Amino acid sequence: MSTKQQDSLFIKAAFSQPTERPPVWMMRQAGRFMKEYWDIKNRYSFLEMCKTPEIAADVTMLPVDLLGIDAAILFSDILVTAEAMGGDLSFTQGVGPRFSNPVRTSDDVDRLETGVVRKLQYVADAIKIVQQRLDGKIPLIGFAGSPFTVMSYLVEGGSSKDFKLTKLMLHNEPELAHRLLAKIAEVTTGYLNLQIEAGVDALQIFDSWASALAWDDYKEFSHTYISKIIAGLNRQDIPIISFCKGSSVFAPLMAEAKPDVISVDWNADLLNVKKSLPAGIAVQGNLDPHILYADKKVIKDRIVKLHERMKGENGFIFNLGHGIMPDLPFDNVKYAIDVIKNELT
Ligand SMILES: Cc1c2[nH]c(c1CCC(=O)O)Cc1[nH]c(c(CCC(=O)O)c1C)Cc1[nH]c(c(CCC(=O)O)c1C)Cc1[nH]c(c(C)c1CCC(=O)O)C2
């Protein structure tokens, strides 16, 4: 991390140091709710955008320039690791991600490659371009998916409502599931270290679908691997943010993996979660993203209420409980960020 960033609101809050106001960024801030995103998206496929460092950098910079957030997040996807391992990935409008060669048998797991981090050099190249453009103005967050969440896409062959096949593998063939998870975790550790080397200022691990799991299954099949990944990072002074949908339940276990920040969904009272955690772990969240569809008065009231609740706490990063929806009005997103930056007292 550049020395400049150590004094940024975001890095200070991530390390639970005092800040004059909470920093703000929003998950999925580099995406489809912006007209300027579509101006680029209409010319390239999603994977082309991820794999062309100049384009990935352009998209990363959109919310920096248009929203004025306090941290940028690299434009990419959690599924690039699975693709590098041999998953035949495509993204179709309205369908989402799809793997044409789902991973369901022992042979399928054997076929996945692990010495693939060099295939992800395009991500490192994008990071370097973004850092030149940011020029120390705000920190850059890199990210990866958690092994469990990435596994779910590989096993299901795409998005899923109930994770039926994935959970069936955990329950009926736990050894096979562990073999798959261990391979993804190995690649993910190398991939996040590549991002650190390329110059990210923070990292977030997305375990979006952990909420599908029972406590014991979360512990055995997700938490174990996130802990290994965090322990395997050459993290220097880089804060690690752990996100999962379901964090209001799993936060005590998530803390054991030793992240610096836990990103909390909107079901929980954020202060209660913070107080339940060991000292020195910051929280990020946790507005319900649907609030941003509401009237501006409601948006402001909810932001003020969350701020009042968290007042006096070090280690609070304003964010949503999950990502921005593609049809959210840009104006409302911008309004929320302006309120957080300028109107909280
Ligand atoms: C589960 C997951 C994925 N990808 C990601 C997650 C975890 C975050 C979460 O829980 O929301 C992470 C992700 N995906 C994307 C980012 C970029 C940075 C950001 O703006 O936060 C990040 C951090 C861009 C994207 N990733 C994707 C888009 C849309 C692609 C398009 O333009 O069509 C973007 C901007 C595609 C994607 N990628 C994925 C899905 C399910 C989809 C389709 C979503 C949908 O159709 O609603 C997998």
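Residues numbered from 1 in each chain as written. Predicted model: local features only at pLDDT ≥ 70, side-chain atom pairs only at ≥ 80, totals over all residues. Heavy atoms only, no water.

1. What to know about the site of the ligand
Consideration 1: Near the ligand there are 24 residues, and of these Ala-30, Tyr-37, Asp-77, Ser-208 and His-322 occur at the shortest range.
Consideration 2: Take Arg-28: an N or O atom from its main chain is 2.7 Å from an oxygen atom of the ligand.
Consideration 3: For the ligand, an oxygen atom lies 2.7 Å from a polar atom in the backbone of Ala-30.
Consideration 4: In the complex, 88% of the free accessible area of the ligand, which totals 900 Å², lies under the protein chains.
Consideration 5: Counted by class, the shell around the ligand contains 14 nonpolar, 6 polar and 4 charged residues. (Near = heavy atom within 4 Å. Polar contact = N/O pair within 3.5 Å; in protein donor to acceptor, adjacent residues only side chain to side chain. Areas by Shrake-Rupley, 256 points an atom, 1.4 Å probe, with all protein chains shown as cover. Nonpolar A, V, L, I, M, F, W, Y, C, P; charged D, E, K, R; others polar.)

2. So, the sheet that holds strand β6 (residues 240-244)
Consideration 1: Strands sit in the order β1-β4-β5-β6-β7-β8-β9 across an open sheet of 7 strands; the sheet is parallel. Edge strands, defined here as strands with exactly one partner in the open sheet, are β1 (72-73) and β9 (316-320).
Consideration 2: By the bridge criterion, 5 bridges tie strand β8 (residues 282-287) to β9 in an arrangement that is parallel. Across the sheet, Gly-285 pairs through a bridge with Phe-318, a residue of β9. (Pairing = 2+ DSSP bridges. Helix = DSSP H or I, 4+ residues; strand = E, 2+ residues; numbered from the N terminus.)

3. Digging into helix α9 (residues 164-172)
Consideration 1: What α9 keeps buried is the set Thr-166, Met-169 and Leu-170. The buried residues of α9 all sit within an arc of 100° when viewed along its axis, so they share a single face. Along α9, the residues that are exposed and aim more than 90 degrees away from the buried face are Lys-164 and Asn-172.
Consideration 2: The inward-facing, buried residues of α9 contact α8 (147-156), α10 (174-198) and α11 (215-231). (Buried < 20%, exposed > 50% of the residue type's maximum accessible area, 1.4 Å probe, protein only. Arc of directions from axis to C-beta. Contact = heavy atoms within 4.5 Å.)

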